[in-house]
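Now for the letters of each chain:
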Amino acid sequence: MPIDPLFLLGLKRVPLHLTLVGLNREVQTTYPELGSNFKAAHVKILACFMAYFVNEVLMLRDAHGMKIATMFYGLADFLHTLDTSPRFLSAEQINRGQSAGWAYLLAFQWLAHDAMSTGKCLYKMKPKFHYMCHHVMDLESGWNPRFQHCFNDEDFMGKMHRMGSHCHRRSAPLRILQRWTLFIANRWEKRRRMGVLCV
């Protein structure tokens, strides 16, 4: 499948390096995995890059390589479809999302089975795959699961942490609330002056 160049537009550089230590792959007897310092936004970028890399650079053409390419392309296209779709999916978006999601899950399953039969610690199956399987099936309802995530909540917690990290621990609860109130008041005042917010 050809890679849509729009996948690569507007992507920021991942501020982390892929190393054997960071992938928990110092020895061949452990399953590789991304560390907790890789966030969901980083994984999206990596999925898009790997879809491009295995298709256009490595050009894997044997059966095993094609499964790897299908796995990465399926994940990247699934994420891309949901990210560029509205809250309610059209029939075409549902079909594309399900096709990409199943392609990813089935290719990963094939690769995991192949690795297990050859005694390699690769492609570990996790309970999250079952969860993703339900996401793919639930696309039939027309709801875009992208609008059910908690990225904004996690972002808010990060902002609260940054504000509280410069406060004394005894006064932190009050100071965080005061700083947040000032931040919101300044934002509303800017919007009022721009005519975006009518008070």
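Up top you'll find the structure we're talking about.
Note that this is a predicted model, so its numbers are computed, not measured. Note that residues are indexed from 1 along each chain, following the sequence as it is written. Local features in a predicted model are, by the rule used here, given only for residues with pLDDT of at least 70; side-chain atom pairs are given and counted only at 80 or more, and totals for whole chains, interfaces and linings are based on all residues. Hydrogens and waters are ignored; side-chain quantities use all the structure's heavy atoms.

Participant: If you had to explain the pattern of salt bridges to someone new, which residues and values would you point to?
Facilitator: Think of a salt bridge as a Lys or Arg side-chain nitrogen and an Asp or Glu carboxyl oxygen that are within 4 Å of each other. Counted under the stated rule, the structure contains six salt bridges. Here R146 makes a salt bridge to D83, at a shortest N to O gap of 3.2 Å. Taken together, the residues R146 in the loop between α4 (127-138) and α5 (151-164) and D83 in helix α2 (residues 63-83) connect sequence positions 63 residues apart. With relative accessibility at 30%, the residue R146 sits in the partly exposed group. E189 is the salt-bridge partner of R192, the closest N and O atoms lying 2.7 Å from each other. Of the two residues, R192 and E189 are both situated in helix α6 (residues 172-194); the distance of three residues between them amounts to about one turn of the helix. Think of it in three bands: residues with accessible area under 20% of the maximum for their type are buried, residues over 50% are exposed, and the middle band is partly exposed, with areas taken using a 1.4 Å probe on protein chains only. When its relative accessible area of 27% is taken as the criterion, E189 is described as partly exposed. Salt bridges linked by common partners bring K44, D83 and R146 together as one network. To qualify as a helix, a DSSP run of H or I must reach at least 4 residues; to qualify as a strand, a run of E must reach at least 2; elements of each kind are numbered from the N terminus.

Participant: So what's going on with the packing of aromatic side chains? Residues and values would help.
Facilitator: Aromatic ring pairs are described here by two measures, namely the spacing of the ring centres and the angle between the planes. Under the pairing criterion, centres of Phe, Tyr and Trp rings, with the six-membered ring standing for Trp, must be within 6.5 Å; the plane angle then separates stacked pairs below 30 degrees from edge-to-face pairs above 60, leaving the rest tilted. Following the criterion strictly, the structure yields eight aromatic pairs and no others. On the numbers, 5.6 Å between centres and 85 degrees between planes, the contact of F108 with Y123 is edge-to-face. Here the residue F108 occupies a position in helix α3 (residues 91-117), and Y123 occupies one in the loop between α3 and α4, the gap between them amounting to 15 residues. Here F108 and F129 contribute two aromatic rings whose centre-to-centre distance is 4.4 Å and whose plane-to-plane angle is 35 degrees, an arrangement assigned as tilted. Of this pair, F108 sits in helix α3 while F129 sits in helix α4, and the two are 21 residues apart along the sequence. F129 shares its class with F108; the two are buried. An aromatic cluster of three or more residues is present, and its members are Y104, F108, Y123 and F129. Note on geometry: a ring has a charge over it if NZ (lysine) or CZ (arginine) is within 6 Å of the ring centre and within 35 degrees of the ring normal. Lying over the aromatic face of F147, R146 brings its terminal NZ or CZ to 5.2 Å of the ring centre.

Participant: Could you give me a rundown of the nonpolar core, with the residues and numbers involved?
Facilitator: Soluble globular proteins tend to pack their nonpolar side chains together in the buried interior. Take the buried Ala, Val, Leu, Ile, Met, Phe, Trp, Tyr and Cys residues and link them wherever side-chain atoms come within 4.5 Å; each set so joined is a nonpolar core. Counting residues in hydrophobic clusters, the biggest one holds 21 residues, and the most contacted among them are M71, L75, F78, Y104, L105, M132 and L139. The criterion used for residue contact is that any of the two residues' heavy atoms lie within 4.5 Å. Apart from residues no more than four positions distant in its own chain, L75 is found in contact with A47, Y104 and M132.

Without other data, these values stay purely geometric and don't point to any function.
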